[in-house]
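# Chain and residue survey
Single-letter residue listing:
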Amino acid sequence: MHKPGDVVLGGLFEVHYSSVFPEQTFTSEPEQASCKGFDTPGLRQAMSMIYAIDEINNNSNLLPNVTLGYSLYDNCGALVIGFSGALSLASGRERQFLLQQNCVGSPPVLGIVGDSFSTSSIAISSVLGLYKMPIVSYFSTCSCLSDRKRFPSFFRTIPSDAFQVHAMIQILKRFGWTWVGLLVSDDDYGLHVARSFQSDLTESGGGCLAYLEVLPWDSDQAGLKMIVDVIKKSTARVVMVFAHEGHMIHLMDEVVRQNVTGQQWIASEAWTSAAVLQTPRLMPYLRGTLGIAIRRGEITGFREFLLQMRPDQKNNDNYGNSIVRQFWEYTFQCKFDPAGWAEAGGRRCTGKEDIESVETEFLDLSNLRPEYNVYKAVYALAYALDDMLQCEPGRGPFSGQSCATLQTLEPWQIVNYLQQVNFTTSFGDQVSFDENGDALPIYDVMNWLQLPDGRTKIQNVGEVKRSATKAEELTIDEDKIYWNFESNKPPQSVCSESCPPGTRMARKKGKPVCCFDCIPCSEGKISNKADSMECTSCPEDFWSSPQRDHCVPKKTEFLSYHEPLGICLTTTSLLGTFICAVVLGIFTYHRSTPIVSYFSTCSCLSDRKRFPSFFRTIPSDAFQVVRQNVTGQQWLASDSWTPATLLQTPRFMPYLSGTLSIAIRRGEIPGFREFLLQIRPDQNQSGSYGNSMVRHFWEYMFQCKFNLSSRVEAGGVLCTGQEDIESVDSEFLDVSNLRPEYNIYKAVYALAHALDDILQCKPGRGHFNGHSCSTVQTLEPWQLVNYLQQVNFTTPFGDEVSFSENGDVLPICDIVNWLWLPDGRTKVQNVGEVKRSDHKGEELTIDEDKIFWNIKLNKPPRSVCSDSCPPGTRMARKKGEPVCCFDCIPCSDGKISNKIDSMECTSCPEDFWSSPQRDHCVPKKTEFLSYHEPLGICLTAASLLGTFFCVITLGIFTYHRQTPIVRANNSELSFLLLVSLKLCFLCSLLFIGRPRLWTCQLRHAALGISFVLSVSCILVKTMVVLAVFKASKPGGEASLKWFGTMQQRGTVIVLTSIQAAICTAWLVSSSPAPHKNTQYHNDKIVYECVVGSTVGFAVLLGYIGLLATLSFLLAFLARNLPDNFNEAKLITFSMLIFCAVWVAFVPAYVNSPGKFADAVEVFAILASSFGLLLALFGPKCYIILLRPERNTKKAIMSRGTTKS
């Protein structure tokens, strides 16, 4: 796959996983190896490189004015092909690089992404490293590739095996596993890991190896048994395995055979994702496995890019298009150039097929691991090129501080910049290379989970990584891990339990350092941490505690009631209690006094038992909605700080602008401003308290003083009382935002309306004892409470005022939004309201267009703990977290959810199954032996071919019916046998097609009668042979009277009638019928015929078998009779074939599911029928058609005479 560009990058991928090498005779030009076995994931990896290059070319910030090209090579899973491809890419001699006539063509590549195998990378880097060609591998893990002397230009975006060992040790430390077993494969990978693991484990002090065993390559039963015995006998409960999945298959077979349970398996990345091990047979032992996996990533837009891929119908010679066409044919099971394909029933590719309509792993982007490494490798090369091209002349890293240019660019120049690459992917992973060319390593930690429906799920439970500033860092969500133990907790795997505080460790002689005894500290000495090596003495005035884990003072002191400090504190406490009791008595005595608050919002004040006479004109806190976004970007304010001008400053507004808040209802009081303007200090009543307050206000407003000569002398201003209050900037006259004032206004009017209702009371209709009324002279505060509870009026501003049974006013709040204007001022604007009325519930009204959001997109931010669960999933609460935090669990097979945030998945009806998205039910697929599928077509063709042979044979025998070989041994039986064989061939067609009641009833009846008719003819022919031979001896002529023509016909009819009676009884008593079977596949309906009565079916087949066995025995006894009488040899051979076929049929039929049971039965019918036809009539047709000189009575008699 090739695309030209200013700079071309090469790539090596496994698009085919095997190759066939032709025999090299060197007598002609050697042929190239052919690639076999299309590898869909390999193509997806190649497409990820193409996508990364296209993404970079469309990025104006990275490599501007430079177009990247690519040339991708298929290694076909073979070292020699991959190595050859790398040399072709590096030298520019690949076919795609042929220069055009104008000497313009693609240059050699300046960097290679690949190869996937460590062996291939070692070979390629060994050669291309001599020329400093940069190679960035995405899958080669061998730690030997970190050798900069051997591989100076090799880089990789996958961690080396050395980091994998460190990651494993981090997991052991996390769970306190200090006593573990290690199994490794018998190759460089396993043995190198074993050496690294032992040395690193010792250096880290993280634990000890209980055993180290090497797994054999083949299924060495004795070796595997010995290894499993070691696992069983060891006290270590953790088994780490660095091996390939082939080793694990053999090992687990032995583990299952010995039923070894209670082990915690730790998997290397080589078999963490091995689907071959995730079977119902092995999962009871392997579930709960923890493993290391290559980092999973996400590539934005990659799926849409893959969906754009289409084969080019016009450019068939292009190799890249050839790969796409091969993928298309593999995915849709069609052909673009179907030479003979269409005639055989195959489908022709159009190139317009919908790739989303087929189930293919090509579009499964949920687990991008190698692809993500390819993506990072391409970007690493791109950033290196970008840094190189941004070099300023005179400041370059090369000779004379020169820079490279696009025209003179050499591959070795990229290596220097590649070493310094440092960027972060869109998925958040940092990419840079250390001095050995290794990327900052990161692995996912995976856990094997077996779901209730039997499927296996490998879930991500954490990660282990190393950054430029930190060492290995392990992050694990232990709550997500499934442990294959009854307690569902991590197992303990230690040689000796940890020594608690108060003891010291004493090594066991001759054992590893992890094996020790715990010795208690002596008196006066302590150890205050676990696993202490020594006990320390307490200071002079201290002594060891009984547990020997800390030192305690020899004498203790405490605060006593008998010392002065204790007496003072006790007195203070009792005094406070007394004061509280006095205040409580005062409030209890005056509890009936009505109170109407305009600003008290505590919901506790709604308690009528505690506060029977309390009312308020402001909603309680219970009506407010207070939420704070966890990101701190969107603030929701309560009414307590909504009007706070202290926060509306240039310092805070960049953070608080866009705040939404609940504010007390704003109202308007007509004439209030004019009333305020009338306020003036009274010069004559200076002693009045009310006038004093006004004078204080006046002095504050105008910064003057009344009657203060010293201030005047100091240059101050004397207040006259005639100053103009409108001339100063004061919030006193700002009546545009009346909120508490409006509540005071409503409170006063509520009391006034209550008083008015009292005074309008008519005697005899009052609310008090004896229906009495209250008067102004006798009015008591408690009487006002009753009328205040029933107040209901509307203010001039249009707000209804009434009180609930708890004394709360009908609640209404404004919703305001903080807006920071360009001139620096702050505006708190009203954007809606929320209220509750008597006949409606809570009602929210917001004008969203007026809201300013302090977000870049000026849209409401998202603030959810978990995203909504789409159709096809159900919500599963996260343990220990609020109800808003949940996981979206896909519905199991056969269940669906067709709405968002479903709590449960519902089962589909009986004849339906869940769609792939689990969001609706679809009819189940049907399965039966069809005329349109290859198997049905082959069986039908064989049936018709057999019928055709019978017709041809019948024609030959009819034409030559007067010849001796036809007339010998009752030619009538031969014709009847040919007719019955033709019926046998035709009855097999009843087994093909969708089962119907008549086909189910007729198929076995036709089978039984046709074969009994055939075998009866053969049995009679065998008996005739024996009778004729006996009649040829002296005194045996009488035996022929029992085998005349009529007797032969009668015998055939009687034997066939018995089978007909068996079939009739079977059909009448328990007839076969069509049946929809869903036991084989939950998502399929298998149409089959149930036999009804197994006894009837067994008797039918048994009767055929009895006749066939009898025929075989008689023919076997007559096999050595003279040839002129003898047809027994042919009958013996035909019956041998017949019996062998039907004996093999029984176990094959019983163990074949669904349509394959019908196919087995049809095959048995055809095989036995062909056997009879060819064995009995083949030799005769040969003589009739090809050796007519032997088809004479003389020839037949002479053969018999000669032999006798």
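Predicted model, so just to flag it, every value in this text is computed and none were measured.

## Notes on the packing of helix H20 (residues 934-959) against helix H27 (residues 1155-1186)
Contact geometry for H20 and H27: axes closest at 10 Å, N-to-C directions at 25 degrees. One finds that H20 runs roughly parallel with respect to H27. The handedness of the crossing between H20 and H27 comes out as left-handed. Contacts between H20 and H27 involve Leu-935, Leu-939, Ala-942, Ser-943, Leu-945, Gly-946, Phe-949, Cys-950, Thr-953, Ile-956 and Phe-957 from the first element and Phe-1156, Ala-1159, Val-1162, Leu-1166, Phe-1170, Leu-1173, Phe-1177, Lys-1180, Cys-1181, Ile-1184 and Leu-1185 from the second. Residues belonging to the contact of H20 with H27 are distributed by class as follows: 18 nonpolar, three polar and one charged.

## Points about the state of the cysteines
Applying the stated criterion across every chain, the model contains 16 disulfides. For Cys-334, the disulfide goes to Cys-349, at an S-S distance of 1.8 Å. Between Cys-334 and Cys-349, the S-S torsion sits near 100 degrees, and that sign places the bridge as right-handed. Of this pair, Cys-334 sits in strand S14 (residues 334-335) while Cys-349 sits in the loop between strand S15 (347-348) and helix H11 (370-389), and the two are 15 residues apart along the sequence.

## A closer look at empty space enclosed by the protein
One pass over the structure, following the stated rule, counts three cavities of 30 Å³ or more. Reported here for the second largest cavity is a volume of approximately 40 Å³. Taken together, the residues of the lining of the second largest cavity sort by class into seven nonpolar, two polar and two charged.

## Some thoughts on a nonpolar patch on the surface
On the surface, Leu-575, Phe-578, Ile-579, Val-582, Val-583 and Ile-586 cluster together into a nonpolar patch covering about 550 Å² of accessible area. By the element assignment, Val-582 lies in helix H13 (residues 564-589).

## Quick notes on the side chain of Gln-829
By the element assignment, Gln-829 lies in strand S36 (residues 826-836). A polar side-chain atom of Gln-829 sits 2.7 Å from the main-chain carbonyl oxygen of Lys-850. Beyond its immediate chain neighbours, meaning those up to four positions away, Gln-829 contacts Ile-815, Val-816, Asn-817, Leu-819, Lys-850 and Phe-852.

## Brief notes about the sheet that holds strand S7 (residues 135-137)
Ordered by their spatial adjacency, six strands build an open sheet running S1-S5-S2-S6-S7-S8, and the pairing between neighbours is mixed. Either end of the sheet is taken by a strand with one partner, and the two such strands are strand S1 (2-3) and strand S8 (154-156). Two strands pair when backbone bridges link them, and S1 and strand S5 (residues 68-74) are joined in this way by two bridges, in the antiparallel orientation. From the neighbouring strand, Lys-3 faces S5, where its bridge partner is Tyr-70. With respect to the sheet, helix H1 (residues 40-57) is in contact with S1, strand S2 (7-13), S5 and strand S6 (112-113), its orientation differing from that of S5 by roughly 175 degrees.

## What about the sheet that holds strand S29 (residues 636-637)?
One open sheet accounts for five strands, arranged S29-S30-S35-S36-S37; its pairing is mixed. Edge positions in the open sheet fall to S29 and strand S37 (842-846), since each of these has one partner strand only. Across two bridges, S29 lies against strand S30 (residues 660-664) in parallel orientation. Bridging from a neighbouring strand, Ala-637 pairs with Ser-661 of S30.

## Thoughts on the pattern of salt bridges
Counted by the stated rule, this structure contains 33 salt bridges. Of the charged contacts in the structure, one is a salt bridge between Asp-253 and Arg-281, with a shortest N-O distance of 3.1 Å. Highlighted residues: Asp-253 in helix H7 (residues 245-258) and Arg-281 in the loop between strand S12 (264-267) and helix H8 (283-286), separated in sequence by 28 residues. Overall, Arg-281 belongs to the partly exposed group, its relative accessible area being 46%. Residue Glu-833 is joined to Lys-835 by a salt bridge in which the shortest nitrogen-to-oxygen separation is 3.7 Å. Residue classification places Glu-833 among the buried positions, given a relative accessible area of 19%. According to the relative accessible area criterion, Lys-835 is partly exposed, its value standing at 31%.

## Considering the environment of Leu-1002
One can find Leu-1002 in helix H23 (residues 997-1031). Leu-1002 gets classed as partly exposed once you look at its relative accessible area, which sits at 40%. When the C-alpha atoms of Leu-1002 and Leu-990 are compared, they prove to be 7.6 Å apart, with 12 residues separating the residues in sequence.

Basis of the calculations
Within every chain, residues take consecutive numbers counted from 1 along the sequence as written. Owing to the predicted nature of the model, reporting of local features is limited to residues with pLDDT of at least 70; listing and counting of side-chain atom pairs is limited to 80 or more, with chain, interface and lining totals taken over all residues. The basis for every side-chain value is the complete set of heavy atoms in the structure, and neither hydrogens nor water enter the calculation. Between N-to-C directions, angles cover 0 to 180 degrees, with each direction set by a line fitted to C-alpha atoms, over the stretch in contact for helices. In this description a helix means any DSSP run of H or I spanning at least four residues, a strand means any run of E spanning at least two, and both kinds are numbered starting from the N terminus. Put simply, angles under 35 degrees are roughly parallel, angles over 145 are roughly antiparallel, angles from 65 to 115 are roughly perpendicular, and the rest are oblique. Should the near helix be turned anticlockwise from the far one by less than a right angle, the crossing is left-handed, and should it be turned clockwise, the crossing is right-handed. Here, residues are in contact when the closest pair of their heavy atoms is within 4.5 Å. Residue polarity follows a fixed list, in which Ala, Val, Leu, Ile, Met, Phe, Trp, Tyr, Cys and Pro are nonpolar, Asp, Glu, Lys and Arg are charged, and the others, Gly among them, are polar. Cysteine sulfur atoms are paired as a disulfide whenever they come within 2.5 Å of each other. Here a cavity means grid points, on a 1 Å grid over the protein atoms only, where a 1.4 Å probe fits yet cannot get out; a pocket means an open set of points with protein on both sides within 12 Å along at least five of seven lines; lining residues are those with an atom within 4 Å of a point. Grid points are joined across faces, edges and corners, and a volume is the space filled by probe spheres set on the points. Note on patches: the residues involved have over 30% relative accessible area and no salt bridge, like charges join within 9 Å, and the nonpolar side chains Val, Leu, Ile, Met, Phe, Trp and Tyr join within 5 Å. Here the accessible surface of atoms and residues is derived via Shrake-Rupley with a 1.4 Å probe, and residues count as covered only by protein chains that are part of the display. Between Lys or Arg on one side and Asp or Glu on the other, a salt bridge is scored when a side-chain nitrogen of the former is within 4 Å of a carboxyl oxygen of the latter. Pairs of N or O atoms within 3.5 Å make up the polar contacts considered here, provided that, within protein, one atom can donate a hydrogen while the other can accept it, and that residues adjacent in sequence are counted only when both atoms are side-chain atoms. Here, any two strands with at least 2 DSSP bridges between them count as paired. For every residue, the accessible area (1.4 Å probe, protein chains only) is compared with the maximum for its type, and the residue is labelled buried under 20%, exposed over 50%, or partly exposed between those bounds.

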